Each structure stands twice: as C-alpha cells, then as structure tokens.
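Fold and contact review
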Amino acid sequence: MLETNNRPIDVFISHSSDDGEFAKELCAAIEKSGYRCWISSRDITAGMDWSSSITHAIEQSSVVLVIYSRNSSRSTQVPKEITLAENKGSYIIPYKIDDMPLTEYYEYHLANSHWIQYDAQSGDMKLAELCGAIASVTGKTATPAAYVPSAATSQYTKPVNA
C-alpha cells in the first residue's frame, strides 16, 4: 500500500448517484467532524472531465469511503472507483446503508474488510467509528459531529425487500 497519510484530501466518497442526498449528508457530517472530503456532486463542476476528476481525486485521497446500498450494487461507476482505489493504494472503508446482500463484485473486493453499518432504525451514522477509522489512516484526530437524521436518510429505514 502507498503512503496515504499525507494526501491533501482525507476522504473520497464513492456512491451511487441515487444515494446522492445521503452521501451529501454523510459528507457534511464528516467535514463538520474536521476532515476534508471530496464528493462528485460538489467537486466536479460544469466543463470538468468526469473521469479524470475522479481519478485525480482518488489519487489525492487518503481514504475512499464506499457507500454500499441496493443502488450502488447496480452502479457501473462505484466498482470502477473501487478498482481505481485499489490500484492507487488507497485505504478503502466500506459503509453499508441498507440490508442489500453483497453482490459478487463487492464480496470479492471488500469481503475481508471491516464494514461500518449505518443504523437505519436510530439514524446513527456511526460517526465515531468512521472518524476513528479515518484517523487511523490520516493521523488526524477529529471529534465526531452531532448528527440529526433527515428525510434523505429516512428512506434507508426500509428493508431492501419492502
């Protein structure tokens, strides 16, 4: 693995665009806790090349946070970002937001990783655990921000098969 604790971006957030609102809320909570995040909906602006922007951001990130859900299980982009992160030596933190079983791709690439599970019933984003994992890679300590669930996260309280 490449040295990751001196990269300018602390966390690259990989997610399905269908989980965009949840990803933005998680990004805001992580940033409020003291880490610098990169998220495509905010950091890729009009006229920028999508693929080169993502590639550069992953190269510059210490951690790639992969938000896994029924939506990302069908995404073509999230697996590309995982593969790129692996190739660039990034530290990957898988973060599950619903009860969708792992697809074969995700099982192969992330099954041996410790997963963080969003608690849909309480709305607990597990920020203390997430910040602890980020700190272990970046060397930067942070205080997990207080978080109040919103409408964007309420959709993840339903079982996948509902």
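Before going into details, it helps to say that this report is about the structure given with it. Small disclaimer: the values here were computed from a predicted structure and weren't measured.

Helices and strands together make up the secondary structure of the chain, namely 7 helices and 5 strands. In sequence order, the chain lays out its α and β elements as β-α-β-α-α-β-α-β-α-β-α-α. Within the chain, buried positions represent 49% of all 162 residues. Looking at the chain alone, contacts between residues at least 24 apart form 74% of all its contacts between residues at least 6 apart. As displayed, the chain offers around 8,000 Å² of accessible surface, 51% of which is attributable to carbon and sulfur atoms.

Next up on the list: unusual backbone geometry. The backbone of Lys126 shows a phi angle near 60°, a positive value even though the residue is not glycine. Within the element layout of this structure, Lys126 appears in the loop between strand E5 (116-117) and helix H6 (127-138).

Further remarks concern the environment of Tyr106. Structurally, Tyr106 is set in helix H5 (residues 104-110). Separated by 24 residues in sequence, Tyr106 and Ile82 have C-alpha atoms that sit 9.1 Å apart. Only 2.9 Å separates the side chain of Tyr106 from the backbone oxygen of Ser72, close enough to count as a polar contact.

Let us look at helix H1 (residues 20-32). Helical geometry note: an α-helix holds 3.6 residues per turn, so side chains three or four residues apart project in the same direction. Counted at 1.5 Å a residue, the expected span for H1 with its 13 residues is 18 Å, and the 18 Å between its end C-alpha atoms agrees. Within H1, the full set of buried residues consists of Gly20, Phe22, Ala23, Glu25, Leu26, Cys27, Ala29 and Ile30. Gly34 lies just past H1 and shows a positive phi near 120°.

Let us look at the packing of aromatic side chains. Think of a pair of aromatic rings as described by two things: how far the centres are apart, and how the planes are tilted against each other in angle. On inspection of all chains with the given rule, the structure shows 6 aromatic pairs. On the basis of an interplanar angle of 10° and a centroid distance of 5.0 Å, the ring pair of Phe12 and Trp38 is categorised as stacked. With Phe12 in strand E1 (residues 9-14) and Trp38 in strand E2 (residues 37-38), the pair connects residues that are 26 residues apart, well separated along the chain. As far as the burial class goes, Phe12 and Trp38 line up, both buried. Plain terms: the ring middles of Phe22 and Tyr95 are 6.4 Å apart, the flat faces sit at 45° to each other, and that makes the pair tilted. Within this pair, whereas Phe22 is found in helix H1, its partner Tyr95 is found in strand E4 (residues 91-96), the two being separated by 73 residues in sequence. Each member of the pair, Phe22 together with Tyr95, is buried. Joined through ring pairs, the aromatic side chains of Tyr68, Tyr105, Tyr106 and Trp115 make up one cluster.

Scoring rules and cut-offs
- Residues numbered from 1 in each chain as written.
- Predicted model: local features only at pLDDT ≥ 70, side-chain atom pairs only at ≥ 80, totals over all residues.
- Heavy atoms only, no water.
- Helix = DSSP H or I, 4+ residues; strand = E, 2+ residues; numbered from the N terminus.
- Buried < 20%, exposed > 50% of the residue type's maximum accessible area, 1.4 Å probe, protein only.
- Contact = heavy atoms within 4.5 Å.
- Areas by Shrake-Rupley, 256 points an atom, 1.4 Å probe, with all protein chains shown as cover.
- Polar contact = N/O pair within 3.5 Å; in protein donor to acceptor, adjacent residues only side chain to side chain.
- Expected span 1.5 Å × (residues − 1).
- Phe/Tyr/Trp six-rings, centres within 6.5 Å; stacked < 30°, edge-to-face > 60°.

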